[in-house]
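The chain contents come next:
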Amino acid sequence: MNELELVKKAYEAAKTQYAALGIDTDRALDKMKDIVISVHCWQTDDVGGFETPDSSLGGGGIQVTGNYPGKARSIAEMRADLDKVFELLPGKQRLNLHAIYGEFGGQKVDRDQIEVKHFEGWIEWAQKYQTGLDFNATCFSHPLADDGFTLSSKNEKVRKFWVDHVKACRKIAAEFGKRLGTPSVHNLWIPDGSKDNPIDRAGHRAILKKSLDEIFSVEYPKEHLKDAMECKLFGIGSEAMVVGSHEFYLGYTISNNKLLCLDNGHFHPTEQVGDKISAVLQFLDEILLHVTRGVRWDSDHIVSLNDEVLQIAQEIVRNNYQSRVNIGLDFFDGSVNRVGAYLVGTRATQQAFLQALLEPTAMLKELEEKDRNFERLAWLETMKSRPFGAVWDYYCLLNQVPTGGDFIKEVVRYEEEVLLKR
Ligand SMILES: C[C@H](O)[C@H](O)[C@@H](O)C(=O)CO
Ligand SMILES: [Mn+2]
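This structure is a prediction, so every number in the text was calculated from the model and none was measured. (Residues numbered from 1 in each chain as written. Chains lettered and ligands numbered in written order. Predicted model: local features only at pLDDT ≥ 70, side-chain atom pairs only at ≥ 80, totals over all residues. Heavy atoms only, no water.)

On to the overall build of the protein, then. Counting its regular elements, the protein contains 14 helices and 12 strands. Its C-alpha atoms give the protein a radius of gyration of 22 Å, near enough to 22 Å, the size a compact globule of 422 residues would have. Dimensions of the protein, computed from C-alpha atoms along their principal axes, come out at roughly 65 × 55 × 40 Å. Taken across its 422 residues, the protein has 55% of its residues classed as buried. Averaging the coordinates of the 51 positive side-chain charges in the protein and doing the same for the 63 negative ones gives two points 2 Å apart. (Helix = DSSP H or I, 4+ residues; strand = E, 2+ residues; numbered from the N terminus. Rg over C-alpha atoms; globule rule 2.2 N^0.38 Å. Buried < 20%, exposed > 50% of the residue type's maximum accessible area, 1.4 Å probe, protein only. Lys, Arg positive; Asp, Glu negative; His and termini not counted. Charge placed at Lys NZ, Arg CZ, Asp CG, Glu CD.)

Moving on, we get to the packing of helix H11 (residues 361–369) against helix H12 (residues 373–383). It is the contact of H11 with H12, at a shortest axis distance of 7 Å, that shows an interaxial angle of 155°. In terms of axis orientation, H11 runs roughly antiparallel to H12. Between H11 and H12 lies a crossing of left-handed hand. Listed contacts from H12 to Met-363, Leu-364, Leu-367 and Glu-368 of H11 are Asn-373, Glu-375, Arg-376, Trp-379 and Leu-380. Here the residues of the contact of H11 with H12 sort into 5 nonpolar, 1 polar and 3 charged. (Axes fitted to C-alpha atoms, helices over the stretch in contact; angles between N-to-C directions. Parallel < 35°, antiparallel > 145°, perpendicular 65-115°, else oblique. Left-handed = near helix turned anticlockwise from the far one by under 90°. Contact = heavy atoms within 4.5 Å. Nonpolar A, V, L, I, M, F, W, Y, C, P; charged D, E, K, R; others polar.)

Moving on to the nonpolar core. In this structure, Trp-122, Leu-151, Leu-212, Ile-277, Ile-287 and Leu-289 are the most contacted members of the largest nonpolar core, which totals 124 residues. Judged by nonpolar contacts, the second largest core, of 5 residues, contains Val-185, Ala-228, Leu-259 and Leu-288. (Core = buried A, V, L, I, M, F, W, Y, C linked by side-chain atoms within 4.5 Å.)

Binding of the manganese ion (ligand 2) to the protein goes through Glu-230 (OE), Asp-263 (OD), His-290 (ND1) and Asp-330 (OD), at separations of 2.0 to 2.2 Å. The site at the manganese ion (ligand 2) holds 6 donor atoms, and with the angles between them running 70 to 165°, its shape is octahedral. Taken in sequence order, the residues that donate to the manganese ion (ligand 2) follow the motif E-x32-D-x26-H-x39-D. With Glu-230 in strand S6 (residues 225–230) and Asp-330 in the loop between strand S12 (325–329) and helix H10 (338–357), this pair connects stretches of sequence that are 100 residues apart. (Donors = N, O, S within 2.8 Å, 3.2 Å for Na, K, Ca; no water. Tetrahedral: all angles 85-135°; square planar, octahedral: opposite > 155°, others 65-115°.)

Another aspect to go through is the packing of aromatic side chains. One pass over the structure, following the stated rule, counts 16 aromatic pairs. An angle of 70° between the planes, with centres 6.1 Å apart, marks the rings of Trp-122 and Trp-125 as edge-to-face. With a gap of 3 residues between them, Trp-122 and Trp-125 both fall in helix H4 (residues 120–129), about one helical turn apart. In this structure Trp-122 comes out as buried when scored by relative accessible area, which is 0%. Look at Phe-135 and Phe-176: their rings are 5.4 Å apart centre to centre, the planes differ by 80°, and that puts the pair in the edge-to-face class. With a gap of 41 residues between them, Phe-135 in strand S3 (residues 133–136) and Phe-176 in helix H5 (residues 156–180) connect regions that are remote in the sequence. As far as the burial class goes, Phe-135 and Phe-176 line up, both buried. Ring pairing ties together the aromatic residues Phe-86, Trp-122, Trp-125 and Tyr-129, which thus form one cluster. Positioned over the ring face of Trp-122 is Arg-79, at 4.2 Å from the centre of the ring. (Phe/Tyr/Trp six-rings, centres within 6.5 Å; stacked < 30°, edge-to-face > 60°. Lys NZ or Arg CZ within 6 Å of the ring centre and 35° of its normal.)

Pairing is parallel in the closed barrel, where 8 strands are placed in the order S1-S2-S3-S4-S6-S8-S9-S12. In this sheet, adjacent strand axes meet at a mean angle of 25° when their direction is disregarded. Strand direction decides the pairing type here: S6 and strand S8 (residues 259–263), joined by 3 bridges, are parallel. Counted as the bridge partner of Met-229 is Leu-260 from S8. Packed onto the sheet, H5 meets strand S2 (94–98), S3, strand S4 (184–188) and S6 and runs at close to 160° relative to S4. (Pairing = 2+ DSSP bridges.)

Close to ligand 1 lie Trp-42, Ile-62, His-98, Trp-189, Glu-230, Lys-232, Asp-263, His-266, His-290, Asp-298, Asp-330 and Phe-332, which account for all nearby residues. Taking His-266, its side chain carries an N or O atom lying 2.8 Å from an oxygen atom of ligand 1. The separation between an oxygen atom of ligand 1 and a polar side-chain atom of His-290 is 3.2 Å. If ligand 1 stood free it would expose 310 Å²; the protein chains cover 100% of that surface. Class assignment for the residues of the shell around ligand 1 results in 4 nonpolar, 3 polar and 5 charged. (Near = heavy atom within 4 Å. Polar contact = N/O pair within 3.5 Å; in protein donor to acceptor, adjacent residues only side chain to side chain. Areas by Shrake-Rupley, 256 points an atom, 1.4 Å probe, with all protein chains shown as cover.)

This part is about the packing of H10 against helix H13 (residues 388–398). Running from N to C, H10 and H13 point in directions that differ by 120°, and their axes come no closer than 11 Å. For the element pair H10 and H13, the recorded crossing hand is right-handed. On H13, the residues touching Arg-347, Gln-350, Gln-351, Leu-354 and Gln-355 of H10 are Phe-388, Val-391, Trp-392, Tyr-395 and Cys-396. Grouping the amino acids of the contact of H10 with H13 by side-chain chemistry returns 6 nonpolar, 3 polar and 1 charged.

So far we have only geometry, and geometry alone does not tell us how the molecule works.
Have a look at this one:
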């Protein structure tokens, strides 16, 4: 029997096993179409950007470690890597850009001056894939971010510069949405915070609120632009206070009908974003997720199929929140093959959703409502050993991408032929 036949045969057996639990595997596979992941561009080059030839991530409380060969050194190399990633991922995904990835033609274009013309190449790239683009202001790796405050700065020149930058970014994102026919999510994360206990937390938060009000005074149609803001507990150098904390942005997004971005590396390690989704969606129309893997801190490790990610997927699927949750990724590991990093992390996220779709939710809920909680737990444990892998492989087969571990040899081949020659 060849590999193709094996995958099909295993799927048929799995389909029968799941059907016995009331789960329609074909329907689950069809529902995977609603799980569109916004793949972040910044794993290709360790969040360096291409504003100048020597650009690198600087400050902002985030860090890339590792010096594995093959980092993208230009937008052309970045697109080649992303093409490889999109070629090997099942389903149709989106791309998430940062402002530092414009094509500036060797000119110094400061952040408050960027325009849609610098991103035409990305619009073309997205048109080729018939997909959407999301966007992020880049309020770090810049001399005017060096003292730790941007939109909440008490220095009016600094504050104004960043207000203008974010305004420019929203304009670009709205144009993406308009031209590509799918709203662009613009996410705002700022590094503002303080290493030691500040006296005037309130002052900085009032300034941030004022800056946001100024930024959002320019309105765009919802079909073109969705505005998200990303909260954080602490960063390196902002251990004592982050201005844009969870409470701050939760309040702001609820009051202003915006999207809250929940990055699962941005909370105390015992807090679960999976638990927060149904809480905040009682008050917000939509949210954005940054799916990542924090190891002891907000370390942005490559996503793996762990309980945390599974809980996020389960909460979305169980509550049918697919249309209200925008799924983004946020990891950057410079210590391994970066194309491989994307494939492991994105596929793990997709697998979490497929597992969630293969759950007998109605039966589990009924057990819970009857207080039969031993049975609820026993079924949850039993589901872990159901033949999920056979359904995943079949999903890959349907999408004409490698099944099982076959993507690994393709990544290794690309490394030998392309990445190691850089
Ligand atoms: C590069 C991203 O904007 C950044 O990782 C942000 O989303 C974040 O999570 C900062 O900690
Ligand atoms: Mn993030």
